[in-house]
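# Structure at a glance
As a plain string of letters, each chain reads:
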Amino acid sequence: MGSRFPSHQLSNGLYVSGRPEQSKERPITMSSTAMPYTGGDIKKSGELGKMFDIPVDGSKSRKSGPVGNPPMRTGSFGGAASHSGPITNSTSRASYSTSGPVTSGMGGGPTGGSNRQKSSSGPLNKHGDPIKKSSGPQSGGVTPAARQNSGPQAPVLPATGLITSGPITSGPLNSSGAPRKFSGPLDSMGSLKLHSTSIVNNQAVTNLSQEDDYSFKRNFPKPILWSVILLFVMGFIAGGFILAAVHNPILLVVVVVLFSFVAALFTWNNCWGRKGVTGFIAQYPDAELRTSKDGQYVKVSGVVTCGNVPLESSFQRVPRCVYTCTSLYEYRGWDSKAANAAHRRFTWGLRSLERHVVDFYISDFQSGLRALVKTGYGARVTPYVDESVVVDVNPSNKDMSPDFVRWLRDRNLSSDDRVMRLREGYIKEGSTVSVMGVVQRNENVLMIVPPPEPLSTGCQWGKCILPASLEGIVLRCEDSSKIDVIPV
């Protein structure tokens, strides 16, 4: 059938006017294979494994378009980026991100040199290149890469509300939960000095001095002492005058007898006064915390539990203590050096003292209640804790105890030809102690606090013991090294 108008037949047999369309070349389409099942193994997850620098199986990697030889790094490109296709060369962690076919060529083609087509997403700098980002440590001599890698991150622990023993600055983790970093290795001496410094500077720790010990001179009233001395001086003067004038020695003999009796009484109290005080504490009746009133002075005996800041003994390194005392004594002979300014010859003198106490809990034996004993934060405390001799050193055996020599060196104490004795006492968790103080009830918290005025022991006539004053909270504990503690 002839016609001036061109026509053609479709595939379904219908004739339409117009010329048939010329067949067009099909555009290149992007194809991708299905992601294989990884089973939780990050090595099989393709690009995800590359983000964490984990070697992956190239045959199972996700493909997106054919990629030829990867572009080589040139001076105009400074880093690595991630391709969307598989990479076969380990040195070609790409300089930029590409999508689609990429062919090799370093000449003047569309993909060679600086005319190379780049396709990237994200912010660009003033030259039109993608901004390079990197985090984590970079190897030396390598240009920072544009490939983003977070690197190994420390685990961040969530806040659980758990109350732990010790401040947040202690332990292997910092306040954010990451491992604590140290500027350099710490040896035993460095850690010991750091530990000692932290104890001294910690406000929760009460540092006790030698003045907190029992002393008959400090307990005896000074006005009475000087009055007795003045009376005896006057008596000796009068007795000597009468003896010289009328040759009658009666008054002088009476004064000498009285003076001998008073001197013997003072000497007895100076030697056995501490034992008399501990006897008074032992005979003081125990109170029951359940029926104790607010503001009542009580004595409570029970088992000790550490509070927020446990201590550690200085020499034996006994952990989880609430009270520690380490004292170094020296014996002074005729030509020996004095340990302190008041050290007399042929006596033992105190050279060094480290004594600390913190807040702790005590569980009453009678009622089973638990009370907080406020002995930390600079509270007034009078300790009566037995100490045991740890080391006896003389010039002949001073090299037999390397731990003692190291202890002296850490404290800048000389270890020359001296007769020394180290004593240490402590109250560790689980020990049985007696506490004397004032009960204070604050809502549901039961506390034992220092009394406003000292307690007098009174005269113990049967033992010839003069009165003594007990200031602050009184702690009484026998030698803990010889007593089995109760596990808590």
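Residues numbered from 1 in each chain as written. Predicted model: local features only at pLDDT ≥ 70, side-chain atom pairs only at ≥ 80, totals over all residues. Heavy atoms only, no water.

For the chain, an unreviewed UniProt entry supplies the name Ubiquitin-specific protease family C19-related protein and the organism Papaver somniferum.

## Notes on a nonpolar patch on the surface
Basically, it comes down to this: For patch building, the residue pool is restricted to those with more than 30% relative accessible area and no salt bridge; the joining distance is 9 Å between like charges and 5 Å between nonpolar side chains (Val, Leu, Ile, Met, Phe, Trp, Tyr). Reported accessibility uses the Shrake-Rupley method at a 1.4 Å probe radius. Residues are deemed covered only where the shown protein chains occlude them. For this document, the term salt bridge refers to a Lys or Arg side-chain nitrogen within 4 Å of an Asp or Glu carboxyl oxygen. Put simply, DSSP H or I for four residues or longer makes a helix, DSSP E for two residues or longer makes a strand, and each gets a number counted from the N terminus. A simple rule labels every residue: compare its accessible area, found with a 1.4 Å probe on the protein chains alone, to the largest value its type can have, and call it buried under 20%, exposed over 50%, or partly exposed in between.
A surface patch of nonpolar side chains, about 540 Å² in accessible area, is lined by Tyr 331, Trp 334, Phe 346, Trp 348 and Val 419. Here Phe 346 lies in the loop between strand E5 (321–332) and strand E6 (347–357). The exposure class of Phe 346 is partly exposed, given its relative accessible area of 49%.

## Quick notes on the sheet that holds strand E10 (residues 388–393)
The test is simple: Strand pairing is defined by DSSP finding a minimum of two bridges between the two strands.
Strand order in the open sheet made by the five strands is E3-E6-E5-E11-E10, with antiparallel pairing throughout. Strands with a single pairing partner mark the edges of an open sheet, and in this sheet they are strand E3 (206–207) and E10. Pairing of E3 with E6, which is carried by two bridges, proceeds in the antiparallel orientation. Looking across to E6, one finds that Asn 207 is bridged to His 356.

## Points about the packing of helix H4 (residues 222–246) against helix H5 (residues 250–283)
Rules: Axis lines are fitted to C-alpha atoms, over the contacting stretch for helices. Their N-to-C directions set the angle, which ranges from 0 to 180 degrees. Comment on the angle field: the value is read as roughly parallel under 35 degrees, roughly antiparallel over 145, roughly perpendicular from 65 to 115, and oblique elsewhere. Here a crossing is taken to be left-handed if its near helix is turned anticlockwise relative to the far helix by less than a right angle, and right-handed if that turn runs clockwise. Residue contacts are defined here by distance: any two heavy atoms, one from each residue, within 4.5 Å place the two residues in contact.
Across the interface, H4 lies against H5 with an axial gap of 8 Å and an inter-helix angle of 155 degrees. Between H4 and H5, the angle is such that the two are roughly antiparallel. In the crossing of H4 with H5, the sense of the turn from one axis to the other is left-handed. Taking contact as the criterion, the partners of Leu 225, Val 228, Phe 232, Gly 235, Phe 236, Ala 238, Gly 239, Gly 240, Ile 242 and Leu 243 in H4 are, on H5, Leu 251, Leu 252, Val 255, Val 256, Leu 258, Phe 259, Val 262 and Phe 266.

## Quick look at the UniProt feature "transmembrane region" (unreviewed entry) in the chain
Under the convention used in this document: UniProt positions are given in the numbering used here, feature names are shortened, and annotations may be inferred rather than shown by experiment.
Here, the residues flagged by UniProt with the feature "transmembrane region" (unreviewed entry) are residues 224–244 and 250–268. The distance from the first to the last C-alpha atom of residues 224–244 is 30 Å, and the span holds 100% helix and 0% strand. The straight-line gap between the two end C-alpha atoms of residues 250–268 is 27 Å; of that span, 100% is helix and 0% is strand.

## Brief notes about the pattern of salt bridges
For side chains of opposite charge, pairing can occur when their charged atoms come near one another. Applying the stated criterion across every chain yields a total of twelve salt bridges. Across the salt bridge formed by Arg 380 and Glu 471, the nearest N and O atoms sit 2.9 Å from each other. A residue pair is termed long-range when its members are at least 10 positions apart, and Arg 380 in the loop between strand E8 (370–373) and strand E9 (381–385) and Glu 471 in the loop between strand E15 (469–470) and strand E16 (473–477) qualify at 91 residues. Using a relative accessible area of 37% as the deciding quantity, one classes Arg 380 as partly exposed. For Glu 471, a relative accessible area of 34% puts it in the partly exposed group. A salt bridge links Arg 476 to Asp 386; its shortest N-O distance comes to 3.1 Å. A residue pair is termed long-range when its members are at least 10 positions apart, and Arg 476 in strand E16 and Asp 386 in the loop between E9 and E10 qualify at 90 residues. According to the relative accessible area criterion, Arg 476 is buried, its value standing at 17%. Overall, the relative accessible area of 26% leaves Asp 386 in the partly exposed class. Several salt bridges share partner residues, and in doing so they unite Glu 330, Arg 351 and Arg 418 into one network.

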